[in-house]
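Okay, here's what each chain looks like letter by letter:
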Amino acid sequence: MSAVLTLSGLDCFYGEVQVLHGLSLELNKGEVLCLLGRNGAGKTTTLKAVMGLVPAKAGSIRLGDRELTALAPHEVPKAGVAYVPQGRRLFAEMTVAENIEIGLMARGKGKPTRDRVLDLFPVLRQRLGQRSGTLSGGEQQMLAMARALCLGPEVLLLDEPTEGLMPSMIGRIRETISSLRGEGVSTLLVEQRLEAVLSVADRVCFIENGRARETVPASSLRDNPALVRRYVGVG
Amino acid sequence: MSFGPHLLLAVLEGLVTSAVLALTALGLSLVFGVMRVVNVAHGEFFMLGAVLAWAISSMVPGYPSLGFLMALLLSPLIVGAVALLAERLVLRRLDYNPEATIVATIGMLYVIQQLALTFYGPEARAVPPPFNFRLQLPWFGYSGYKLSIIAASIVLMLATWFVLTRTRIGLVMRATQYDRETAQAFGIPVDRVYAGVFALGAMLAAVAAVLIVPIQQAHYLMGLDPLLLSFIVVIIGGLGSLRGTVIAALIIGVSDGVISVFFSPTLAKIIATSAVAMVLVFRPQGLFGTAPR
């Protein structure tokens, strides 16, 4: 399998504090790779580093042949990476339609239209004029994903997309991730719920103290709860 | 003059003050709302607009309308360019840090003020109004030019509202205002948005100054009053709220006009600053601002 996103020897800091220590990982085309680790291990920082929102002090992030650390943060989405942040980070005062419009503004030629994205989440079609801050948690998550998918990304970064959602909504999010995999979109997923990880991920990368410790097939975790306990503390 | 016409005159004067104040305060409010920068130099962009209006209109003596029109077009553009330069050289290098930019804009205030003193001088200079039409009411005659200031301000405020709420530029500005990081994650070049907003804020102050300078005269210290009043307006209206800015400018402008005419301008300022204190104590986010969550 060919790597679409490659992180090598990545060092990132928050002020004086080093959060990522030479982190390296590869995301293959059409793959769902899940980052698992304790709170503060560096999972969210890894996603932010890919987006250029946390600058890399050392190391490289390559999208195909393109070095992302050389780009300004606002150029990363145009290169083909979309990001659904933790807590959704919708523009809560804006309407659903305006949030989607923000997503569409950065898309390249031949990328999805608004209608195509709304076909994936039909419930949003009835809420276009509603302020996004007034949507339910599940609808907000759908909007956050719809906004990101407007970019027509090659790589999708999802930070805890099932956080605080009802089981039925979690199933819906899982289906969407699976269907994107079918379309060749590669997904880097940060997720705390082990069940969600096992049902959707192809591989799991364990992050500890800002380093990628082990990467294993997701299917192997069912038979190896000790591994999960070691890095996550549950299992 | 009996009480009724006297009151009408005071309200009209207050509306002219409100019109200019609303434009000036809107610039300050936009800059704070989008960039979270408290621009202490905002009054100096106002002053620079007035001084440039005098300089530009002086180039075409004998043609006050043409001179004024040129000033109205060129002065805000030049002030906008100065603001862009200041943003690039100072604010961007400070990464728009809220505390550091307050100190930096205090520095900008003195630099612009002293440059004006050096090149323009200490004199107050008048700019002839573009026309001298008087509207004759049954009780008194009133300057048609002053009424045109109110009309121009309304048009500019509506244009700003339209841009902010109905255009793609406005969408980008609002997205940057709500969440800078997420805006970047959706391809919005936040630095360029900030530069544009800072220039736009300064240009609004400059337009207000060009409009007022035929009835107030240009002077290198004239930026201090508009700065103070703009802060009063945006604190009462709610920082970053367009609607709040307009309503607070109306309240402050008209009350200033009426109290100044019937009592004294000093009392008007005392009441306005007391109103700010009350708002800060009982509703710190302002009348139309959103409380931080």
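Residues numbered from 1 in each chain as written. Chains lettered and ligands numbered in written order. Predicted model: local features only at pLDDT ≥ 70, side-chain atom pairs only at ≥ 80, totals over all residues. Heavy atoms only, no water.

Things to note about the confidence of the model for chain A
The pLDDT averaged across chain A works out to 91; a share of 97% of its residues lies at or above 70. The lowest-confidence element of chain A is helix α8 (residues 225-232) of chain A, averaging 77 in pLDDT; the highest-confidence one is helix α1 (residues 43-51) of chain A, averaging 97. (pLDDT = per-residue confidence, 0-100. Helix = DSSP H or I, 4+ residues; strand = E, 2+ residues; numbered from the N terminus.)

Quick notes on the interface of chain B and chain A
Facing 19 residues of chain B, the contacting portion of chain A comprises 21 residues. Three residues, B:L171, B:E181 and B:F186, lead the burial of chain B against chain A; their summed loss comes to 35% of the area buried on that side. Taken together, the connections running from chain B to chain A amount to five salt bridges. For the salt bridge of A:R89 with B:E181, the shortest nitrogen-to-oxygen distance reads 3.3 Å. There are eight residue pairs in polar contact (both at pLDDT 80 or more) connecting chain B and chain A. Of all the elements in the fold, those that place two or more residues in the side of chain B that touches chain A are α6 (168-178) and α7 (180-185) of chain B. With six residues, the top contributor of residues to the side of chain B that touches chain A is α6(B). Broken down by class, the residue content of the side of chain B that touches chain A amounts to nine nonpolar, four polar and six charged. (Contact = heavy atoms within 4.5 Å. Buried area = accessible area lost by both parts, 1.4 Å probe. Salt bridge = Lys/Arg side-chain N within 4 Å of Asp/Glu carboxyl O. Polar contact = N/O pair within 3.5 Å; in protein donor to acceptor, adjacent residues only side chain to side chain. Nonpolar A, V, L, I, M, F, W, Y, C, P; charged D, E, K, R; others polar.)

Here's the deal with the sheet that holds strand β4 (residues 56-63) of chain A
Residue and element names in this part refer to chain A. Sheet architecture is open: four strands sit in the order β2-β1-β4-β5, paired in antiparallel fashion. Only two strands of the sheet have a single neighbouring strand rather than two, namely β2 (17-28) and β5 (66-67). Judged from the eight bridges that link them, strand β1 (residues 3-14) and β2 form a sheet pairing that is antiparallel. Looking across to β2, one finds that F13 is bridged to Q18. Packed onto the sheet, α1 meets β1, β2 and β4 and runs at close to 110 degrees relative to β1. (Pairing = 2+ DSSP bridges. Axes fitted to C-alpha atoms, helices over the stretch in contact; angles between N-to-C directions.)

Things to note about the pairing of β4(A)
Residue and element names in this part refer to chain A. Pairing geometry for β1 and β4, over six bridges, is antiparallel. Its bridge partner being in β4, T6 is matched across the sheet by R62. The hairpin turn running from β4 into β5, its antiparallel successor, is two residues long, and G64 in that turn takes a positive phi close to 60 degrees.

Examining the layout of surface pockets
All names here are of chain B. Considering only enclosed or pocket space, the second largest pocket measures out at about 480 Å³ in volume. For the lining of the second largest pocket, the element with the most residues is helix α1 (residues 3-35), which contributes six residues. For the lining of the second largest pocket, a count of residues per class yields 10 nonpolar, four polar and five charged. (1 Å grid on protein atoms, 1.4 Å probe; cavity = no way out; pocket = protein on both sides within 12 Å on 5 of 7 lines; lining within 4 Å. Points joined across faces, edges and corners; volume = space filled by probe spheres on them.)

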